[in-house]
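Spelled out from the first residue to the last, the chains are:
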Amino acid sequence: MSGFYSEVSSQIVEQVSVAPDCYLLTLKAPQVAAAANPGQFVMLRCSTGYDPFLRRPLSIHQVLREQGKIRFLYRVKGKGTAWLSERKPGERVSLLGPLGRGFVYSEKKKKGLLVGAGIGVAPLLFLAEELASLEWQLVTLIGARTASQVLRGDAFSRCGAVKVITEDGSAGERGLLLQLLERELRENDFDVIFGCGPLPVLKGIQEFSRRFGIPAQIALEERMACGVGACLGCVCQARDRTYLRVCREGPVFAADEVILDG
Amino acid sequence: MVDLSVEIAGIRMKNPVMVASGTFGFGLEYAQLFDLSRLGAIVTKALTVEPWPGNPPPRIWETPAGLLNAIGLQNPGVEVFADEILPELKKFDIPVIANIAGFTKEEFAELASRLTGTGVSGLEVNISCPNVKAGGMVFGTVPELAAEVVEAVVSSTSLPVIVKLTPNVTDIVAVAKAVVEAGAHALSLINTLLGMAIDIHRKKPVLANVTGGLSGPAIRPVAVRAVWQVSQAVDVPVVGMGGICTGSDALEFILAGATAVAVGSANFYDPLSSVKVVEEIENYCIEHGVESLHELVGAAWKN
Ligand SMILES: Cc1cc2nc3c(=O)[nH]c(=O)nc-3n(C[C@H](O)[C@H](O)[C@H](O)COP(=O)(O)OP(=O)(O)OC[C@H]3O[C@@H](n4cnc5c(N)ncnc54)[C@H](O)[C@@H]3O)c2cc1C
Ligand SMILES: Cc1cc2nc3c(=O)[nH]c(=O)nc-3n(C[C@H](O)[C@H](O)[C@H](O)COP(=O)(O)O)c2cc1C
Ligand code: FES
């Protein structure tokens, strides 16, 4: 569902570096905090002038409802995120949100498997905290290249079990996230998988979801201009070959709903 | 009280600010953000006869102070628009202008006749979309072909007909004169400039469609020049667009000869920019003692 969104000038409360090039940004945004659902995102303006011209989509990473605050976890990729990383507490940023359709879950206690690769854990913490409060039983798999890229493991562990795997073995097991996922699905029962990460990981989740017969929901990324469904710039392909807007019908899709290319 | 009202080809607008086709969806996406009736008019995303899937992604790429897009006319088709979307839009007190795109002259005529009597206030004939190989651009770049399309449209409808011109021609005035001769009631300009970008890591074009249309502040001087030239050469009103973000930007177009303006890509930067443009134009008029906007239209070349 796309509920009510607004355009707000929001004050930075805190900005901390949690890993090389990765930041945890806390903003005061009571309207967004009150309306947001896990998996939704905002469009943040990352400039004072027209360069960059387009706003940048960032997932809502955490919501501190009673304080009216929201958090983002982001990696510096280019000039927009670099600009954002230089902003200091007290400064204001313009954001539009909450946007898009987030994760879908029933309120019943179920068993959920969360799969996050690198910065892909960003939308999953908000979800984990909501599900934990609904007494879901959660296992979170976090994959990264190396130990310093394993983000927010402690926060996830407050919501359930956490298993870490790194490509160089510097934290948790050594290997690839998809290997860990396959083993987890073989050894344990889950009602649903929730995933976010780069395309190969999403494709792996799609494949395992089919093979193990467990429904999965995945958060997609596409280049965006408007973020609200107006420009048709951000589409992905549905199974019936029509195009769906990642910002409106997504960014979270049922894994069997979309065709992942590349 | 400043009189900001204008009339374009019989379409009465309470102020001269529209939103540009394709940058505002069908308007409903933004309806919860502000009262749409504060705008002069809404121009819809391009409509085709049949539902049209559009181009594969990636469809957009940011450029300095602008963006390239290759949406490829994705839309649900004129039937769904007329039966399902338009009734929703009609709830707002604002003229709705339907942007139409045919792949043949006959399709343009069919679109025009289908939309007549539905409650749209006018048509914007898109003979200038750069992203569809079979269509638009060819019509818009050749004065004779452009005129044939306009004749077909005008003879199929009683609605006001605005013809949207492409800047991707050597002589935009020649095309403008040809379509006015063929019966266009007004002109809108400019559509996007043909461009492309290459991913140096993949060593391939960034957009799946290879080329795309450039829009945003980057193209504004090109658009101002086009409005300046065209508005002096024809007797019909001109709707100016291309990179308008603020009231001052809009005033540049009005002084260059535009009777109305459209805010496009700036909606992405700030979805409230169109209403801010209205307010800023009004403030300018108050400060400069302008009683009616008409005093400003083309003032940069009128003596
Ligand atoms: C719905 C959604 C939610 C997102 N949530 C987060 C989040 O929570 N945390 C986070 O760190 N990032 C997130 N992203 C990605 C983030 O939006 C981009 O990293 C950011 O826009 C990059 O902007 P920039 O100006 O720093 O980089 P640019 O200068 O725009 O780009 C730098 C490089 O990154 C590549 N790139 C940037 N964005 C994308 C993209 N979307 N797809 C493919 N390549 C890209 C470019 O090709 C370029 O090489 C999300 C994206 C979407 C669509
Ligand atoms: C994403 C996008 C989609 C567009 N779709 C259409 C369209 O369907 N029909 C049309 O006539 N123009 C379309 N345009 C062109 C705009 O209406 C406008 O002419 C152009 O972008 C220049 O104005 P701007 O710089 O303010 O955006 C589109 C532009 C953009 C950026
Ligand atoms: S970003 Fe404009 S439709 Fe999704």
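All values reported here derive from a predicted model rather than from experimental measurement.

A. Quick peek at the overall build of chain A. If you tally the helices and strands in chain A, you get six helices and 17 strands. Against the 2.2 N^0.38 benchmark of 18 Å for 262 residues, chain A shows a C-alpha radius of gyration of 17 Å, consistent with a compact globule. Along the longest, intermediate and shortest principal axes, the C-alpha atoms of chain A span 50 × 40 × 35 Å. Relative to its 262 residues, chain A shows a buried fraction of 50%. Contacts in chain A between residues at least 24 apart in sequence constitute 62% of all its contacts with a sequence separation of at least 6.

B. Structural detail: the overall build of chain B. Counting its regular elements, chain B contains nine helices and 16 strands. Referenced to the eigenvectors of the C-alpha coordinate spread, the extents of chain B come out at roughly 55 × 45 × 40 Å. Here chain B holds 303 residues, and the buried ones make up 59% of them. In chain B, of all internal contacts separated by at least 6 residues, the share reaching a separation of at least 24 is 72%.

C. Just the sheet that holds strand β16 (residues 260–263) of chain B, in detail. Residues and elements named next belong to chain B. What the eight strands build is a closed barrel, ordered β3-β4-β7-β8-β9-β10-β15-β16; its pairing is parallel. For this sheet, the mean angle separating the axes of adjacent strands, direction not counted, is 25°. Across three bridges, the pairing between strand β10 (residues 186–189) and strand β15 (residues 238–241) is parallel. Across the sheet, S188 pairs through a bridge with V239, a residue of β15.

D. Local environment of the interface of chain B and chain A. With 30 residues of chain B at the interface, the matching set in chain A holds 23 residues. Listing elements by their share of the side of chain B that touches chain A, those giving two or more residues are β5 (60–63), β6 (66–69) and α8 (266–269) of chain B. Of the residues assigned to the side of chain B that touches chain A, the class counts are 17 nonpolar, ten polar and three charged.

E. Representation of the site of ligand 1 in the model. Residues and elements named next belong to chain A. Around ligand 1, 22 residues are found, and the nearest of them are Y74, G78, G80, T81 and A122. Counting only elements with at least two residues in the shell around ligand 1, the list comes to β4 (56–59), β6 (69–75) and α2 (79–85). When the residues that make up the shell around ligand 1 are grouped by side-chain class, the tally is eleven nonpolar, four polar and seven charged.

What counts and how
Residues numbered from 1 in each chain as written. Chains lettered and ligands numbered in written order. Predicted model: local features only at pLDDT ≥ 70, side-chain atom pairs only at ≥ 80, totals over all residues. Helix = DSSP H or I, 4+ residues; strand = E, 2+ residues; numbered from the N terminus. Rg over C-alpha atoms; globule rule 2.2 N^0.38 Å. Buried ≥ 20, exposed ≤ 12 C-beta atoms within 10 Å, placed from the backbone. Contact = placed C-beta atoms within 7 Å. Pairing = 2+ DSSP bridges. Axes fitted to C-alpha atoms, helices over the stretch in contact; angles between N-to-C directions. Nonpolar A, V, L, I, M, F, W, Y, C, P; charged D, E, K, R; others polar. Near = placed C-beta within 6 Å.

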